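Residue strings, one per chain:
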Amino acid sequence: MTKLTLGAHPYLLGFEQLERLVERTAKSGNDGYPPYNIEQTSERSYRITLAVAGFSEDDLQITVEDSSLVIRGRQSDDSDGRIFLHRGIAARQFQRSFVLADGVDVGEAVMENGLLHVDLTRKLPETVVQTIKIRKGSE
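Presented here is a report on the structure given in the accompanying data block.

Cut-offs applied
Residues numbered from 1 in each chain as written. Predicted model: local features only at pLDDT ≥ 70, side-chain atom pairs only at ≥ 80, totals over all residues. Heavy atoms only, no water. Pairing = 2+ DSSP bridges. Helix = DSSP H or I, 4+ residues; strand = E, 2+ residues; numbered from the N terminus. Axes fitted to C-alpha atoms, helices over the stretch in contact; angles between N-to-C directions. Salt bridge = Lys/Arg side-chain N within 4 Å of Asp/Glu carboxyl O. Buried < 20%, exposed > 50% of the residue type's maximum accessible area, 1.4 Å probe, protein only. Polar contact = N/O pair within 3.5 Å; in protein donor to acceptor, adjacent residues only side chain to side chain. Contact = heavy atoms within 4.5 Å. Core = buried A, V, L, I, M, F, W, Y, C linked by side-chain atoms within 4.5 Å. Phe/Tyr/Trp six-rings, centres within 6.5 Å; stacked < 30°, edge-to-face > 60°. Lys NZ or Arg CZ within 6 Å of the ring centre and 35° of its normal.

### Some remarks on the sheet that holds strand 7 (residues 115–122)
Right, so step 1: Pairing is antiparallel in the open sheet, where 4 strands are placed in the order 1-2-7-6. A strand with exactly one partner marks an edge of an open sheet, and here the two such strands are strand 1 (36–42) and strand 6 (104–112). Between one strand axis and the next, the sheet turns through 20 degrees on average, direction left out of account.

What follows is the structure, given as structure tokens:
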């Protein structure tokens, strides 16, 4: 049995990048940390909320890399001289990636009560109509 790919379908031309994108998202880690929500806040806007209790704004980094929103967190180890009888809150680092469609822009990021909110907006695509001139084959 052969695998049907988007690039092999005769009506889907130039979708090889979409196929690579689907494969990349399938391979991305399903760690579950930190937990997050994605909500649609209007017809063309979204909000990603990550639970980042214990992280300060300086411990977090938000970048857009190759059509992906990447949020990284790295806490400094502040256990110098402290003796823990139980340590259930570890200084854990994370990286969480979200693939962005063309036309999705990352807006502002706000930290509030241990939650990091990142707002996204989607631009409406322009309607393009192009007329192609037909020339004679012998010219």
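### Observations concerning the pattern of salt bridges
Oppositely charged side chains can form a pair if their charged atoms are brought close together.
Right, so step 1: Tallied over the entire structure, the rule returns 3 salt bridges.
Right, so step 2: Residue Glu65 is joined to Arg72 by a salt bridge in which the shortest nitrogen-to-oxygen separation is 3.0 Å.
Right, so step 3: Ionic pairing is found between Asp105 and Lys123, a salt bridge with its closest N-O pair at 3.6 Å. Linking Asp105 in strand 6 with Lys123 in the segment after strand 7, this pair joins segments that are 18 residues apart in sequence.
Right, so step 4: The class of Lys123 is exposed, set by a relative accessible area of 51%.

### Things to note about the side chain of His117
Right, so step 1: Mapped onto the elements, His117 comes out in strand 7.
Right, so step 2: His117 gets classed as buried once you look at its relative accessible area, which sits at 9%.
Right, so step 3: Within the structure, the side chain of His117 is placed 3.5 Å from the side chain of Glu112, a separation counted as a polar contact.
Right, so step 4: With residues up to four places along the chain from it excluded, the contact list for His117 reads Arg47, Ile48, Thr49, Glu108, Ala109, Val110 and Glu112.

### Digging into the nonpolar core
Right, so step 1: Counting residues in each nonpolar core, the largest one holds 14 residues, and the members touching the most others are Leu50, Val52, Leu69, Ile71, Phe94, Leu116 and Leu120.
Right, so step 2: Mapped by element, the contributors of at least two residues to this core are strand 2 (45–51), strand 4 (68–73), strand 5 (94–99) and strand 7.
Right, so step 3: Broken down by element, this core gets its largest block of residues, 3 residues, from strand 7.
Right, so step 4: What Leu120 contacts, discounting residues up to four positions off in sequence, is Arg44, Ser45, Tyr46, Ile48, Leu69, Leu100, Val104, Asp105, Val106 and Gly107.

### A look at the packing of aromatic side chains
By convention here, two paired aromatic rings are described through the distance between centres and the angle between planes.
Right, so step 1: The full count for this structure, using the stated rule, is 3 aromatic pairs.
Right, so step 2: Ring plane angle 85 degrees and centroid distance 5.2 Å describe the contact between Tyr36 and Phe98, whose orientation is recorded as edge-to-face. Note that Tyr36 is positioned in strand 1 and Phe98 in strand 5, a separation of 62 residues in sequence.
Right, so step 3: The class of Tyr36 is partly exposed, set by a relative accessible area of 35%.
Right, so step 4: Note on Phe55 and Phe94: the rings are 5.3 Å apart at their centroids and 85 degrees apart in plane angle, and the pair reads as edge-to-face. Linking Phe55 in the loop between strand 2 and strand 3 (60–65) with Phe94 in strand 5, this pair joins segments that are 39 residues apart in sequence. By the burial criterion, Phe55 is buried, and Phe94 matches it.
Right, so step 5: By the ring-pair criterion, three or more aromatic residues cluster together here, those being Tyr33, Phe55 and Phe94.
Right, so step 6: Positioned over the ring face of Phe84 is Arg87, at 4.6 Å from the centre of the ring.

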